[in-house]
Amino acid sequence: MSDFNSNYGNCPMYYAMSVVEGKWKWIILWKIYQAGVVRYNKLRGELQPIAHKTLSTQLKELEASNLIHREQYNEVPPRVEYSLTEEGKTMIPILELLYQWGEEHMKSPYETGIT
C-alpha cells in the first residue's frame with residue numbers, strides 16, 4: 001500500500017492545491033487583490049467571523065509560499081500592510097474564474113430554501 005505523498009508528491013495539481021488549501025486562503029487572496037494594499041485590521045474586519053489566530057496563520061503561510069508580501073512599519077501604533085507578490089498576482093486569473101463560476105452557479109437563498 002502506498003501513501004498519498006508518494007503517489008502525488010510530484011503532481012503540479014497537488015502542489016498548487018497544497019499552497020492555497022484551507023477555508024480562508026482563497027478569499028484572503030481575493031480581498032488583498034481587490035484592495036491592492038490592505039492593513040491587517042481592515043482585512044480582519046472584512047473576513048468576519050475569522051479568528052485572529054486563523055487569519056494570522058493563513059497570512060504567514062501565504063507569505064511563506066511567496067503569494068503575499070507583508071510590510072511592517074515601525075511606528076506607534078505599529079502598522080502592517082499586505083499586498084500580492086508578483087507570484088501571487090499570477091493567481092488572479094484563477095481567482096477571477098472562480099468568482100465568475102460562483103456568480104454563474106450560486107443559487108439564491110430562495111432557490112435553496114434558505115432564508
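Residues numbered from 1 in each chain as written. Predicted model: local features only at pLDDT ≥ 70, side-chain atom pairs only at ≥ 80, totals over all residues. Heavy atoms only, no water.

### Some thoughts on helix 3 (residues 25-35)
Then step 1. All of the buried residues along helix 3 are Lys 25, Ile 28, Leu 29, Trp 30 and Ile 32.
Then step 2. Trailing helix 3 by a residue or two, Gly 36 shows a phi angle of about 85 degrees, which is positive. (Buried < 20%, exposed > 50% of the residue type's maximum accessible area, 1.4 Å probe, protein only. Helix = DSSP H or I, 4+ residues; strand = E, 2+ residues; numbered from the N terminus.)

### A few points about the sheet that holds strand 3 (residues 79-84)
Then step 1. Read from one edge of the open sheet, 3 strands run 1-3-2, paired in antiparallel fashion. At either margin of the open sheet sits one strand with a lone partner, and together these are strand 1 (37-39) and strand 2 (68-73). Looking at each pair of strands side by side, their axes are set apart by 25 degrees on average, direction ignored.
Then step 2. Sheet topology places strand 1 next to strand 3; 3 bridges connect them, and they run antiparallel. (Pairing = 2+ DSSP bridges. Axes fitted to C-alpha atoms, helices over the stretch in contact; angles between N-to-C directions.)

### Topic: the packing of aromatic side chains
Then step 1. One pass over the full model with this rule turns up 2 aromatic pairs.
Then step 2. Measuring from centroid to centroid gives 5.3 Å for Trp 30 and Tyr 33, while their planes differ by 50 degrees, and the two rings are tilted. Linking Trp 30 with Tyr 33, this pair stays in helix 3, spanning 3 residues, or about one helical turn.
Then step 3. Relative accessible area serves as the criterion here: at 12%, Trp 30 is assigned to the buried category.
Then step 4. Between Trp 30 and Tyr 99, the ring centres sit 5.1 Å apart and the planes meet at 15 degrees, which makes this aromatic pair stacked. One end of the pair, Trp 30, is in helix 3; the other, Tyr 99, is in helix 7 (residues 92-105), with 69 residues separating them in the sequence. (Phe/Tyr/Trp six-rings, centres within 6.5 Å; stacked < 30°, edge-to-face > 60°.)

### Points about the environment of Ile 28
Then step 1. Mapped onto the fold, Ile 28 is located in helix 3.
Then step 2. Among residues more than four places away in sequence, those in contact with Ile 28 are Leu 43, Leu 47, Leu 55, Gln 58, Leu 59 and Leu 62. (Contact = heavy atoms within 4.5 Å.)

### Description of the nonpolar core
Then step 1. Ranked by internal contacts, the top residues of the largest apolar core, which has 23 residues, are Ile 28, Ile 32 and Leu 59.
Then step 2. In terms of residues, this core owes the most to one element, helix 3, which gives 4 residues. (Core = buried A, V, L, I, M, F, W, Y, C linked by side-chain atoms within 4.5 Å.)

### A few points about the pairing of strand 2
Then step 1. With 6 bridges connecting them, strand 2 and strand 3 associate as antiparallel partners. Of the residues in strand 3, the one forming a bridge with Glu 71 is Glu 81.
Then step 2. Counting the residues in the hairpin turn of strand 2 and strand 3 gives 5 residues.

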